[in-house]
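# Understanding the architecture of this molecule
Next come the chains, spelled out residue by residue.
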Amino acid sequence: MQAIKIDLYSDTVTQPTLEMRKFMCQVEVGDEQKHEDPTVNLLQEMVAELLGKEAGLFLPSGTMCNQIAIKLHCSPGDEVLMHSLAHVGFSEGGALAALSGAIPTGLPGKRGIFSADQVRKAIRPINRYAPRTSVVSVEQTSNGGGGTPWSLSAIEEIAKVAREYNLVLHMDGARLFNAVVATNTPAKDFSAHFDTVWVDFSKGLGAPVGAVLAGKQELIEEAWNWKQRLGGAMRQAGIIAAGGIFALQHNIDRLAEDHENAKVLAEGLAEIPGIQLDPSEVKTNIVIFDVASTTEAMTEKVLQEGLRLSILGPNRFRAVTHMNISRQDVKEALRIIRLCSKEG
Ligand SMILES: *Cc1c(COP(=O)(O)O)cnc(C)c1O
């Protein structure tokens, strides 16, 4: 197999730049469990401020943010409403059931978005027979839905129903900043409607590790207990938190470039015979497309040419643009896919 030259597998493959690495090795560090790491503390404050929340908690991964949040919001037997493609329910090893005893209920909806009306209809009556519907989770942007950002008005409508029924609102903000850039909406405006919200630094923001969960002070104190119990409490974690600080300072606005590149990729793909997608639906950095042949057959071929894609199904690929993908790489990826499609 040839070396991978163009990696569209995910925006998790981003390599920290030299500038980020330099910044990381210069920061002051301490024992973060004792709140003695000034860099971790600063990152937590920066995220809390950006999201308009009282406090933030640095965690090793987005998955841990999701699962600790669910833990805080649910008792065993509770039900969490989400999209049927939601990462928190269906791409985290069943953690929601394994760790919280909660039931994930997936709602259908085009490109990862569901409606307030669907939420209203899904909420179960309060009686001895039904599980208690207690949380609504929104994924901003929807990963499985092809990077679709939720509009502020769609979120407001969901929040209204959730409040009416006393449900807790959780946002999986793995790619919240992609939504911020794509919709030109401040992060705070989205997060204002949620009890818990988190952002990931290891996706398009380009840091190697980490995520911050934000919410009310009291809730974050409770989250600390779970961070400790699950082994997420670290020591001189400032060295990795620094990547997050650098990313917030330098890598948000540039996400627009990834979105432009995804658009060019989508438009190019749509012109290749046998490939199906609607480029007008590509709003951020994720491009989902179907091929006439099989992904099994295509994957090997494109890999031979140095291109890696992510397989979503027997005919479905996902390609994700990120800071290590240039416009030239997109053109080369299109050339490779065109070539490999032709071969049948
Ligand atoms: C990647 C991702 C996660 C998990 O984040 P990790 O930092 O990889 O654990 C959760 N939700 C969504 C939507 C994601 O894309």
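Residues numbered from 1 in each chain as written. Predicted model: local features only at pLDDT ≥ 70, side-chain atom pairs only at ≥ 80, totals over all residues. Heavy atoms only, no water.

### As for the domain arrangement of the chain
Put simply, the rule is: Marked domain ranges trace back to an automatic or database domain assignment. Pairs of residues are marked as contacts when any of their non-hydrogen atoms sit within 4.5 Å. Buried area: the accessible area, evaluated with a 1.4 Å probe, that two parts lose upon being put together, summed over both parts. Any Lys or Arg side-chain nitrogen found within 4 Å of a carboxyl oxygen on Asp or Glu counts as a salt bridge. Where helices and strands are cited, they refer to DSSP runs of H or I of at least four residues and of E of at least two residues respectively, numbered from the N terminus. Classification used: nonpolar for Ala, Val, Leu, Ile, Met, Phe, Trp, Tyr, Cys and Pro, charged for Asp, Glu, Lys and Arg, polar for all others including Gly.
Partitioning the chain into domains gives domain 1 (18-250) and domain 2 (254-343). Look at where the C-alpha atoms of domain 1 and domain 2 centre, and you get two points 28 Å apart. Listed per partner, the contact involves 18 residues of domain 1 and 13 residues of domain 2. When the buried area of domain 1 at its contact with domain 2 is split by residue, R111, N178 and G204 rank highest and sum to 33% of it. With its nearest N and O atoms 2.8 Å apart, the salt bridge here joins K110 to E281. Counting residues per element, the side of domain 1 that touches domain 2 draws most heavily on helix α8 (residues 176-183), which supplies four residues. In terms of residue class, the side of domain 1 that touches domain 2 is built from five nonpolar, ten polar and three charged.

### A short note on the packing of helix α3 (residues 62-73) against helix α10 (residues 217-229)
Condition: Only the contacting stretch of a helix is used when fitting its axis, a line to C-alpha atoms as for every element, and angles between N-to-C directions run 0 to 180 degrees. Each crossing gets its hand from how the near helix is turned against the far one by less than a right angle, where anticlockwise is left-handed and clockwise is right-handed.
Between α3 and α10, the shortest axis-to-axis distance is 10 Å and the interhelical angle comes to 115°. When you trace α3 past α10, the crossing you get is right-handed. Contact residues: α3 offers I68, K71, L72 and H73, while α10 offers L219, E222, A223, W226 and K227. Taken together, the residues of the contact of α3 with α10 break down into five nonpolar, one polar and three charged.

### A few points about the sheet that holds strand β12 (residues 310-311)
Put simply, the rule reads: Between any two strands, at least two bridges found by DSSP are needed for them to pair.
With respect to topology, four strands assemble into an open sheet ordered β9-β10-β13-β12, the strand pairing being antiparallel. Edge positions in the sheet fall to β9 (275-276) and β12, since each has one partner strand and no second. Here β12 runs beside strand β13 (residues 316-320); their pairing, made up of two bridges, is antiparallel. Bridge pairing in β13 places S310 opposite R318.

### Examining the site of the ligand
Here is the rule: Here a residue counts as near a molecule or strand whenever at least one of its heavy atoms sits within 4 Å of it. Here a polar contact is taken to be a pair of N or O atoms separated by no more than 3.5 Å, where protein atoms must pair a possible hydrogen donor with a possible acceptor and residues adjacent in sequence count only if both atoms sit in side chains. Note that accessible areas follow from Shrake-Rupley with a 1.4 Å probe, and for residues the cover is restricted to the protein chains shown.
Not every one of the 15 residues close to the ligand is listed here, only the nearest: T63, D172, R175, D200 and K203. The separation between an oxygen atom of the ligand and a polar side-chain atom of T63 is 2.7 Å. At 3.0 Å from an oxygen atom of the ligand is found a side-chain nitrogen or oxygen belonging to N143. Bound to the protein, the ligand loses 87% of the 370 Å² it would expose on its own. Mapped onto the shell around the ligand, the elements with two or more residues apiece are α3 and β7 (196-200).

### A word on the pairing of strand β10 (residues 286-291)
Rule in force here: Throughout, exposure labels follow a simple rule: accessible area from a 1.4 Å probe, protein chains only, divided by the maximum for the residue type, with under 20% read as buried, over 50% as exposed, and the rest as partly exposed.
Within β10, six of the six residues are buried, which leaves it mostly tucked inside the rest of the structure. Covered by surrounding structure in β10 are I286, I288 and D290 together with V287, F289 and V291, the residues of both alternating faces. One ladder, built from two bridges, connects β9 with β10; its direction is antiparallel. Considered in β10, the bridge of I275 is made with V291. Across five bridges, β10 lies against β13 in antiparallel orientation.

### Section: the sheet that holds strand β8 (residues 211-215)
The mixed open sheet is built from seven strands, whose spatial order is β2-β8-β7-β6-β5-β3-β4. At either margin of the open sheet sits one strand with a lone partner, and together these are β2 (55-59) and β4 (103-107). Between one strand axis and the next, the sheet turns by 20° as a mean value, whatever way the strands run. Sheet topology note: the strand β5 (residues 133-139)/strand β6 (residues 168-173) ladder contains five bridges and is parallel. Each residue of the ladder has a partner; that of V135, found in β6, is V168. Each of β5 and β6 touches helix α7 (residues 152-164); the most contacted strand, β6, lies at about 150° to it.

### Quick word on the nonpolar core
Under the convention used in this document: Nonpolar cores were defined as sets of buried Ala, Val, Leu, Ile, Met, Phe, Trp, Tyr and Cys residues, with membership established by side-chain atoms within 4.5 Å.
Grouped together as the largest cluster of nonpolar side chains are 52 residues, with contacts concentrated most on L43, F58, V119, V136, L176, F177 and F201. Here this core gets seven residues from one element, more than from any other, and that element is helix α11 (residues 238-250). In this view, L176 contacts L51, Q140, T141, M171, A187, F190, V197 and V199; residues no more than four positions away in its chain are not counted.

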